[in-house]
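Reading the structure
So you can see what is in the structure, the chains are spelled out below.
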Amino acid sequence: MRAPLLLWAAATWLAVSAVAHPGRRGGGGGEQPLSRIAVESAVLAVDDAAHVRASPLVLGLKGESSEWVDVEFFHPDPSSDDWIGVFSPADFSAAICEPENPRQSPPVLCSAPIKYQFATFKNDGYNKTGKGYLKLQLINQRGDFSFALFSGGLLKPKLIAVSNKVAFANPKAPVYPRLAQGKSWNEMTVTWTSGYDITEAVPFVEWGEKGGRRFLAPAGTLTFDRNSMCGAPARTVGWRHPGYIHTSYLKDLWPDSRYTYRLGHRLMNGTRVWSKSYSFRASPYPGQDSLQRVVIFGDMGKAEADGSNEFNNFQPGSLNTTYQITSDIENIDMVVHIGDICYANGYLSQWDQFTAQIEPIASTVPYMVGRSAECLSVRYSLISCPSHVYNTAYKKRSFCSGNHERDWPGTGSFYGNLDSGGECGVPAQTVFYTPAENRAKFWYATDYGMFRFCVAHTEEDWRPGTEQYRFIERCLSSVDRQKQPWLVFLAHRVLGYSSCAYYESEGTFEEPMGREALQELWQKYKVDLAFYGHVHSYERTCPVYQCVVDASDHYSGPFQATTHVVVGGAGASLSEFAASKIQWSHFTDFDHGFVKLTAFNHSSLLFEYKKSRDGNVYDRFTISRDYRDVLACSVDNCPRTTLAS
């Protein structure tokens, strides 16, 4: 069954404007697969003999947020460059398509698909018969779906036929909860996405100790519009309404206690809409001597289980990392994703796709992210109790992030490149919560039991004299090492050491001005480990400060120097290492993987690097120290003394 109204609308669209795609950029992991499609160059070439049919028509009848759809299609004049695009909302109309400048006419298509697949995928006889079949996975994204057949490849697409519409039974349902540590150790935040504005329904969380009394916690609501984006493609072909992002704060949790929760919306007629039930374990008390396990990685991105949309080198890494962490979730207490979250790069539908991918992880343990946003205008509404609604606006917010979330010229980012695809941090800072002291300056500290994590924001200046430098020193110096002996520094870009071939070609082994400003702080406050993403591979250094300490599989005795770890290979296309052997580089791996830290007690820490493809450990070391080792002064951090003292 075709969508005649859609095709009729398509027939009225204006002439094509074949301008260069503003979002298309080459270069490894920086290219978003959807940017390959020249949406603005599409032409209408409807063939009445062609068809696309999708089934089932209604998805999620049992409350599922993900379903597989059968797509059957026929083209009387097939070719190997035919492809199927999945559009949502189903009516991808030019009505909301605005030119980027007065000299440009609106394109025929003003919306990029949310995913695509070539017609020949697993259809070996398509070029002869014109008949094809795809099985595609859809997630609940608050809108209906249609499937369009195109010829002409990705660069010169011709719209041939459009399918019937497919929709979830409740497209507005609350989905994809993301847990995060609150601003205090005994607070957990729950963030989720729905299609309900606050004028339609009041969001809340029902929660309580497993088997105990239930409580209701109200939630605030955020959203943003097209004008909040800084440029194309985020405000043009990549725009898709993000829905409504709700955050609730669950307070006064008991250490290590198991809690259950479910997401709720109370409609104006009194009806309540519920998600399925989830559970989490509350944080241990700061300094609590118990088994504590944290996974750390960067640059994961998203991929499609049905094989659509992505580069082949993204798919195994991103999905395998997600799978390995999910399969071990009972042995993980927190996850830290240090920037370059989903590589949406201005195609906003991908944020839903990413939160759906990590739901088994983020709904169960705190999922802490590094990201940034600044210079934005979003509508914000806070529901402090069911009967009172307050509206306000954030004009400026910034987050510790990856360049693919934040960077855009003229928006205050430290690097004025185009890596965010016009998002300039707005989606990232809305979709995820982090416990920043000041949302206008998003660097933060978070405690988990025996760990103190100091998370820097490399898209803003970190050098001495800046506000961020003062934060970093305050974060490192304020920790009580008798309670929290394990001090960890994290940032997206490499502020320490990396033998990535790109850095070598630039004549450096770090981000320019990286460690020069910070290595005195790391040494003074005896930072055990420093983690970075940005470089898509794994590397562990020897402990290093001005001179190199011999690497080991076991470190004991007094602190000597910080071990630096690049762990940016969670999913994005991999980065080559320098050909020359670097003295401080101890172990490198050109593969996808992540790190797991296990604190057994106050004096024993296990570090493991695991490959995503099999979950096995390929690099490991242990640290054994007691309080005297950490608290005693060493070179470059002893108080100054004189003979008189």
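Coordinates for the structure precede this section.
Throughout what follows, the structure given in this document is the object of discussion. (Residues numbered from 1 in each chain as written. Predicted model: local features only at pLDDT ≥ 70, side-chain atom pairs only at ≥ 80, totals over all residues. Heavy atoms only, no water.)

The subject of this paragraph is a nonpolar patch on the surface. Residues L57, V58 and L61 make up a contiguous nonpolar surface patch of about 310 Å² in total accessible area. Structurally, L61 is set in the loop between strand 3 (58-59) and strand 4 (66-74). (Patch = residues over 30% accessible without salt bridge, like charges linked within 9 Å, V, L, I, M, F, W, Y side chains within 5 Å. Areas by Shrake-Rupley, 256 points an atom, 1.4 Å probe, with all protein chains shown as cover. Salt bridge = Lys/Arg side-chain N within 4 Å of Asp/Glu carboxyl O. Helix = DSSP H or I, 4+ residues; strand = E, 2+ residues; numbered from the N terminus.)

Moving on to unusual backbone geometry. Each neighbour pair has its own omega, and for S55 with P56 the value is 0 degrees, a cis peptide bond. Of note, the amide linkage connecting S88 to P89 takes the cis form, showing an omega dihedral of 0 degrees. With respect to the secondary-structure elements, P89 resides in the loop between strand 5 (83-87) and strand 6 (115-118). Even without being a glycine, K122 presents a positive backbone phi close to 60 degrees. Looking at the secondary structure, you find K122 in the loop between strand 6 and helix 2 (126-129). The class for K122 is exposed, based on a relative accessible area of 72%. (Buried < 20%, exposed > 50% of the residue type's maximum accessible area, 1.4 Å probe, protein only.)

Of all 9 residues in helix 4 (residues 349-357), 9 are buried, a share of seventy percent or more. Within helix 4 the residues assigned to the buried category are S349, Q350, W351, D352, Q353, F354, T355, A356 and Q357.

Within a sheet, each strand pairs with its neighbour through backbone hydrogen bonds, oriented either parallel or antiparallel. Pairing in this open sheet of 3 strands is antiparallel, and the strands run 2-4-7 from one edge to the other. On the outer flanks of this sheet lie strand 2 (51-55) and strand 7 (131-139), each paired with one strand and no other. The average angle at which neighbouring strand axes cross in this sheet is 25 degrees, direction not considered. (Pairing = 2+ DSSP bridges. Axes fitted to C-alpha atoms, helices over the stretch in contact; angles between N-to-C directions.)

Relative to the assigned elements, E608 resides in strand 34 (residues 604-611). Summary of buried charges: E608 has no salt-bridge partner, and the nearest side chain of opposite charge, K610, is 4.6 Å away. If we skip the residues at most four places from it in the chain, E608 touches F594, V595, K596, T598, V617, D619 and R620. (Lys, Arg positive; Asp, Glu negative; His and termini not counted. Contact = heavy atoms within 4.5 Å.)

So, on to the side chain of R240. Mapped onto the elements of the fold, R240 is located in the loop between strand 14 (215-223) and strand 15 (244-250). Within the local environment of R240, its side chain forms a polar contact with the side chain of S88, the two groups lying 2.7 Å apart. (Polar contact = N/O pair within 3.5 Å; in protein donor to acceptor, adjacent residues only side chain to side chain.)

As a further point, take the pairing of strand 14. Looking at chain direction, strand 13 (residues 201-209) and strand 14 are connected through 4 bridges and run antiparallel. Bridge pairing links F204 to P218 in strand 14. If you look at the hairpin formed by strand 13 and strand 14, you'll find 5 residues sitting between the two strands, and G211 has a positive phi there, around 80 degrees. With 4 bridges joining them, strand 14 and strand 15 adopt antiparallel strand pairing. For L222, the partnering residue across the bridge sits in strand 15 and is I245.

A few words on the nonpolar core. Residues I296, F297, Y367, F531 and F607 are the most contacted members of the largest nonpolar core, which totals 56 residues. When residues no more than four places from it in sequence are discounted, the contact partners of I296 are V336, I338, F453, L490, F531, V567, F594, V595 and L597. Formed by 27 residues, the second largest nonpolar core is a distinct cluster that contains Y469, F471, C475 and Y525. (Core = buried A, V, L, I, M, F, W, Y, C linked by side-chain atoms within 4.5 Å.)

Tallied over the full model, the rule gives 29 aromatic pairs. Seen from their ring centres, Y261 and Y278 are 5.4 Å apart, and the 25 degrees between their planes marks the pair as stacked. In this pair, Y261 is assigned in strand 16 (residues 258-267) and Y278 in strand 17 (residues 272-281), connecting sequence segments 17 residues apart. The class for Y261 is buried, based on a relative accessible area of 0%. Given a relative accessible area of 10%, Y278 falls into the buried group. Put simply, the rings of W83, F87, F92, Y116, F118 and F150 pair up and form one aromatic cluster. In this arrangement the basic side chain of R515 is found over the ring face of Y497, its NZ or CZ atom lying 3.9 Å from the centre. Its end group placed over the ring of Y618, K611 keeps NZ or CZ at 4.7 Å from the ring centre. (Phe/Tyr/Trp six-rings, centres within 6.5 Å; stacked < 30°, edge-to-face > 60°. Lys NZ or Arg CZ within 6 Å of the ring centre and 35° of its normal.)

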